[in-house]
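Observations on the model geometry
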Amino acid sequence: MKRGRRVKKKRLLLSLCIIIALCISGCWNYSEINDRRIISGAAVDYNKEKDMIELTVELVMPISVGGKMQMKSESFSGLGDNLFNAVRNLISKTGKKIFWSHAKVLILSEDIIKEKEKFLSVIDFIKRDAETRDDMMLLVSREKTAKDILKTDVKVQEIISFHLEDMLKNQKSISKYRAVPLWKFVDELSSEGISATLPTINIAEYNKKKISQIYGTAIFKGAEKVGWLNGIETKSFLFVIDELKGGTLVTVATNLAKEPVKITFEIFKNKTKVKPIYKDGKIAMKIDIKTMVNINEIDSSLDFMNEENLKRIQRSGEDTIKKMVGNVIKKVQEEYKSDIFGFGAIISRENPKLWEGIKSNWEDIFTKLDVDVNVNLNIRGSALRSKTIKIGD
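Since the model is a prediction, treat every value here as computed from it, not as a measurement.

Our next topic: unusual backbone geometry. For residues that are not glycine, phi is negative in most cases, and the peptide bond is trans in most cases. One non-glycine residue, Ser175, lies in positive phi territory at about 55°. According to the relative accessible area criterion, Ser175 is buried, its value standing at 1%. Although it is not a glycine, Asn207 sits at a positive phi angle of roughly 50°. Positionally, Asn207 belongs in the loop between strand E7 (197-206) and strand E8 (209-221). The exposure class of Asn207 is exposed, given its relative accessible area of 60%.

Following this line, the structure appears as structure tokens:
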């Protein structure tokens, strides 16, 4: 009898488990894709006249051309007191709710960034929403509005936002902007000893048409944008934070011939180490940069594979990097007073006790901080040629 009861209890328990599993399986917020509009990217502006947020989205729509499916895009804009209201108000134009999971980029205007509370509410909504992804890339528009970027003429591919994502993913080939996903920006906004940055985007003219161009960096101090770096300065910034992966470097050697010789290097590898030095009550930062390059172009007929000439070229390249890095650090210290290099975070990590004593006064310390830059340039070769081209008589 007892055994029979135990068997019945086990069967009842198993039946309950199966019923519960069937009831709770699947996503609680599941919805059909046909019920949503897929967006590839978005732009956020501030409408000063109406004191409202304007959201512009790029919708991805499949169309049939010659029996084959192709993708095209179309932009729609909506206003709201906050971003959530703007999203909902878009339904009156799109006909359906928008789906954020495939959004690749979010472009912010200068005007929305200046409105601190609205700006932070936008970032909070994007970070908090269940559909948005942490790896969505953020950009700051240098045009009058952010939505202008989604209306450029020339597109390498039909979907503008996908094209912008491709450019950001391939930053290492040019190193004149820093790709920043949503999670990294939020992390830098909320961390001690480091200030956030975002890449900047503008509209350039090409063959009498307008194209998007990512170039340079927006500097933040807390949630306030305080300045800009151009593309060359951004490359120096990437050297310091050890995020330089490639690109080119141009140096002008004055110690090779009677006339200055312009040399272009291709950067293959870079490693930067930043170490705080605390001595006699003073803090300094020691930066060691090791860079591997190829000589890619030289405007001289000199034998640059000659050992002495090669040493001179190496010294010229090292001096160029040292000057570039020193100049950008000094500019940020004096003009923007914002620790985008994360010097404070490095001190906090390596000497927590010291950081606790200085963090309340870090801005003043940062602006006067001595920085020692050392560069070791390794020239591994000269592409496919060991000598320059000589013109016959």
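Anyway, onward from the coordinates.
Here we come to helix H5 (residues 116-128). Structurally, the α-helix is built with 3.6 residues per turn, so residues lying three or four positions apart point the same way. For H5, spanning 13 residues, the distance from its first C-alpha to its last is 18 Å, which sits close to the expected 18 Å at 1.5 Å a residue. Inspection of H5 places Lys118, Phe119, Val122, Ile123, Phe125 and Ile126 among the buried residues, and these make up the whole buried set. The arc that holds the buried residues of H5, viewed along the axis, is 160°, so those residues lie on one side. Those residues of H5 that are exposed and aimed more than 90 degrees away from the buried face are Lys116, Glu117 and Arg128.

Quick look at the packing of H5 against helix H7 (residues 182-190) now. Packing of H5 against H7 brings their axes to within 11 Å, and their N-to-C directions diverge by 130°. It follows from the interaxial angle that H5 and H7 lie oblique. Of the two possible hands of crossing, H5 and H7 adopt the one that is left-handed. Contacts from Phe119, Ile123, Ile126 and Lys127 in H5 reach Leu182, Phe185 and Val186 in H7. Partitioning the contact of H5 with H7 into residue classes produces six nonpolar, no polar and one charged.

So, how was this worked out
- Residues numbered from 1 in each chain as written.
- Predicted model: local features only at pLDDT ≥ 70, side-chain atom pairs only at ≥ 80, totals over all residues.
- Heavy atoms only, no water.
- Buried < 20%, exposed > 50% of the residue type's maximum accessible area, 1.4 Å probe, protein only.
- Helix = DSSP H or I, 4+ residues; strand = E, 2+ residues; numbered from the N terminus.
- Expected span 1.5 Å × (residues − 1).
- Arc of directions from axis to C-beta.
- Axes fitted to C-alpha atoms, helices over the stretch in contact; angles between N-to-C directions.
- Parallel < 35°, antiparallel > 145°, perpendicular 65-115°, else oblique.
- Left-handed = near helix turned anticlockwise from the far one by under 90°.
- Contact = heavy atoms within 4.5 Å.
- Nonpolar A, V, L, I, M, F, W, Y, C, P; charged D, E, K, R; others polar.

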